[in-house]
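Residues per chain are reported as follows:
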Amino acid sequence: MLQSLAGSSCVRLVEQHRSAWCFALLVLGYLLYLVFGAVVFSSVELPYEDLLRQELGKLKQRFLEEHDCLTEQQLEQFLMRVLEASNYGVSVLSNASGNWNWDFTSSLFFASTVLSTTGYGHTVPLSDGGKAFCIIYSVIGIPFTLLFLTAVVQRIIVYVTRRPVLYFHIRWGFSKQVVAIIHAMVLGFITVSCFFLIPAAIFSVLEDDWNFLESFYFCFISLSTIGLGDYVPGEGYNQKFRELYKIGITCYLLMGLIAMLVVLETFCELHELKKFRKLFYVKKDKEEDQVHIMEHDQLSFSSISDQAASMKDDQKANEPFVNSQSPTSNDSSLNN
């Protein structure tokens, strides 16, 4: 008896705080996923880093042995300056001296990466004025970009997602949930093909040092707005039609970002995902719901009362046993 009561009380406690328990599990799962990623990256990349360090150490030692007139301190100062310039997108290599980072097309590409929050980091402002302008430009431009993308996605998703799903649901009688799931999968496949697979094949041909995996990696890192900056197109030596190539990449990034947002919005509108997300949300208090209902009722009270009055008049007019004489005529007949 006591065990059944205790079990029922525990079940009741879990049901009452179901959202809090789900949120706690979500936080725990996210932390475990971070730890899992750290363990995998560390185990995979640490040996390669060690090999690279050993190789660089051997090259440095060999260079010092071949050039006795140069001290190790002078070499390290030179390398520090070269690395500092490289962080600003300036290279001392002769095959890269012809590429300017701040011509119009490169600046347009940089502005698009800043406003889309991709931020490759291969090119950064050098002057204090450029840094100050970048802050002001981003503070205004990033919300403006979000507004622009939201408006574009809202218009596109009506014609790409909602109307096709509604058409198959009404015209052919299919279940709306099933049609929405199939449509989301087809739309995701088309987006992956048009903005990942095909561009990756094109980049692997146009970029001399990229294979298909590296090109696909660049497409994913860019359109997911991660923007690590280890692969940036159009920076190779003697790149043909570099200005036109940079403009094309800028258009690709903008269109790909819109396509990604349309796919994400399509998946977010699925009934199953909506139901799953609600597990982690805080439920509204009953007072808030009552206030919302009262506000809604106050807005529609006049129209409802008018409809009720008209319905009451119609009902009286249709009743067969209602006397149509006025009260004054009834009083006069009683007096007579």
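Residues numbered from 1 in each chain as written. Predicted model: local features only at pLDDT ≥ 70, side-chain atom pairs only at ≥ 80, totals over all residues. Heavy atoms only, no water.

## Examining the layout of surface pockets
Alright, step 1. Considered as a void within the structure, the second largest pocket measures approximately 370 Å³ in volume.
Alright, step 2. Lining the second largest pocket are 13 residues, and of these Leu-56, Lys-60, Leu-75, Leu-79 and Leu-83 sit closest to its centre.
Alright, step 3. Mapped by element, the contributors of at least two residues to the lining of the second largest pocket are helix H2 (18-66) and helix H3 (72-87).
Alright, step 4. Examining the composition of the lining of the second largest pocket, we find that seven residues originate from one element, H3, more than from any other. (1 Å grid on protein atoms, 1.4 Å probe; cavity = no way out; pocket = protein on both sides within 12 Å on 5 of 7 lines; lining within 4 Å. Points joined across faces, edges and corners; volume = space filled by probe spheres on them. Helix = DSSP H or I, 4+ residues; strand = E, 2+ residues; numbered from the N terminus.)

## Brief notes about helix H5 (residues 128-171)
Alright, step 1. Helix length check: H5 (44 residues) gives 62 Å between terminal C-alpha atoms against 64 Å at 1.5 Å per residue, within 8%.
Alright, step 2. Taking the largest bend as the criterion, H5 deviates by roughly 45°, centred on Ile-157.
Alright, step 3. Regarding H5, the residues found buried are Cys-134, Ser-138, Gly-141, Thr-145, Leu-149, Val-152, Val-153, Ile-157, Thr-161 and Val-165.
Alright, step 4. Residues of H5 that are buried in the fold lie against helix H4 (104-115), helix H6 (176-206) and helix H8 (242-268).
Alright, step 5. Where H5 terminates, the next one or two residues include Gly-173, which has phi positive at roughly 75°. (Expected span 1.5 Å × (residues − 1). Bend = angle between axes of the 7 residues up to and from the residue. Buried < 20%, exposed > 50% of the residue type's maximum accessible area, 1.4 Å probe, protein only. Contact = heavy atoms within 4.5 Å.)

## Focus: the UniProt feature "transmembrane region" (unreviewed entry) in the protein
Alright, step 1. What UniProt calls "transmembrane region" (unreviewed entry) maps, in this numbering, to residues 21-44, 135-157, 178-203, 215-232 and 244-264.
Alright, step 2. Secondary structure across residues 21-44 comprises 100% helix and 0% strand; the distance between its end C-alpha atoms is 34 Å.
Alright, step 3. Structurally, residues 135-157 is divided into 100% helix and 0% strand, and its ends, taken at the C-alpha atoms, are 32 Å apart. (UniProt positions renumbered as here; feature names shortened; annotations may be inferred.)

## Overview of empty space enclosed by the protein
Alright, step 1. For the structure on display, the rule yields two cavities of 30 Å³ or more.
Alright, step 2. Of the volumes computed, that of the largest cavity is approximately 40 Å³.
Alright, step 3. Along its surface, the largest cavity is lined by Asn-101, Ser-106, Phe-109, Phe-110, His-122, Thr-123, Glu-235, Arg-242 and Lys-246.
Alright, step 4. Contributing elements (two or more residues each) for the lining of the largest cavity: H4 and H8.
Alright, step 5. Considering every element that reaches the lining of the largest cavity, the biggest residue donor is H4, with three residues.
Alright, step 6. The computed volume of the second largest cavity comes to approximately 40 Å³.
Alright, step 7. Around the second largest cavity sit Tyr-120, Tyr-217, Phe-218, Ile-221, Ser-222, Leu-228, Gly-229, Asp-230 and Tyr-231, which together line it.
Alright, step 8. Taken together, the residues of the lining of the second largest cavity sort by class into six nonpolar, two polar and one charged. (Nonpolar A, V, L, I, M, F, W, Y, C, P; charged D, E, K, R; others polar.)

## Describing the packing of H6 against H8
Alright, step 1. Orientation of H6 relative to H8, taken along the N-to-C sense of each, is 160°, at an axis distance of 10 Å. Relative to H8, the element H6 is oriented roughly antiparallel. Crossing angle aside, the handedness with which H6 passes H8 is left-handed. Of the residues in H8, those touching H6 at His-183, Ala-184, Met-185, Leu-187, Gly-188, Thr-191, Phe-195, Phe-196, Pro-199, Phe-203 and Leu-206 are Tyr-245, Ile-249, Tyr-252, Met-255, Gly-256, Ala-259, Met-260, Val-262, Val-263, Thr-266 and Phe-267. (Axes fitted to C-alpha atoms, helices over the stretch in contact; angles between N-to-C directions. Parallel < 35°, antiparallel > 145°, perpendicular 65-115°, else oblique. Left-handed = near helix turned anticlockwise from the far one by under 90°.)

## Considering the confidence of the model for the protein
Alright, step 1. Counting all residues, the mean pLDDT for the protein is 80, and 76% of those residues have values of 70 or more.
Alright, step 2. Mean pLDDT in the protein bottoms out at helix H11 (residues 327-335), which sits at 40, and peaks at helix H7 (residues 212-223), which reaches 95.
Alright, step 3. Counting contacts from residues 297-308, a segment whose pLDDT is below 50, to residues more than four positions away or on other chains yields zero contacts. (pLDDT = per-residue confidence, 0-100.)

## Remarks on the packing of aromatic side chains
Alright, step 1. Using the criterion set out here, one finds 14 aromatic pairs in the structure.
Alright, step 2. Centroid distance Phe-133 to Tyr-137: 5.4 Å. Interplanar angle 25°. Geometry classified as stacked. Note that Phe-133 and Tyr-137 are positioned in helix H5 at a spacing of four residues, about one turn of the helix.
Alright, step 3. For Phe-133, a relative accessible area of 54% translates into the label exposed.
Alright, step 4. Judged by relative accessible area, which is 31%, Tyr-137 ranks as partly exposed.
Alright, step 5. Ring geometry for Tyr-167 against Phe-168: centres 5.6 Å apart, planes inclined by 85°, an arrangement best described as edge-to-face.
Alright, step 6. Among the aromatic residues, ring-to-ring pairing joins Phe-109, Tyr-120, Phe-203, Trp-210, Tyr-217, Phe-218, Tyr-231 and Tyr-252 into one connected group.
Alright, step 7. Lying over the aromatic face of Phe-109, Lys-246 brings its terminal NZ or CZ to 4.4 Å of the ring centre. (Phe/Tyr/Trp six-rings, centres within 6.5 Å; stacked < 30°, edge-to-face > 60°. Lys NZ or Arg CZ within 6 Å of the ring centre and 35° of its normal.)

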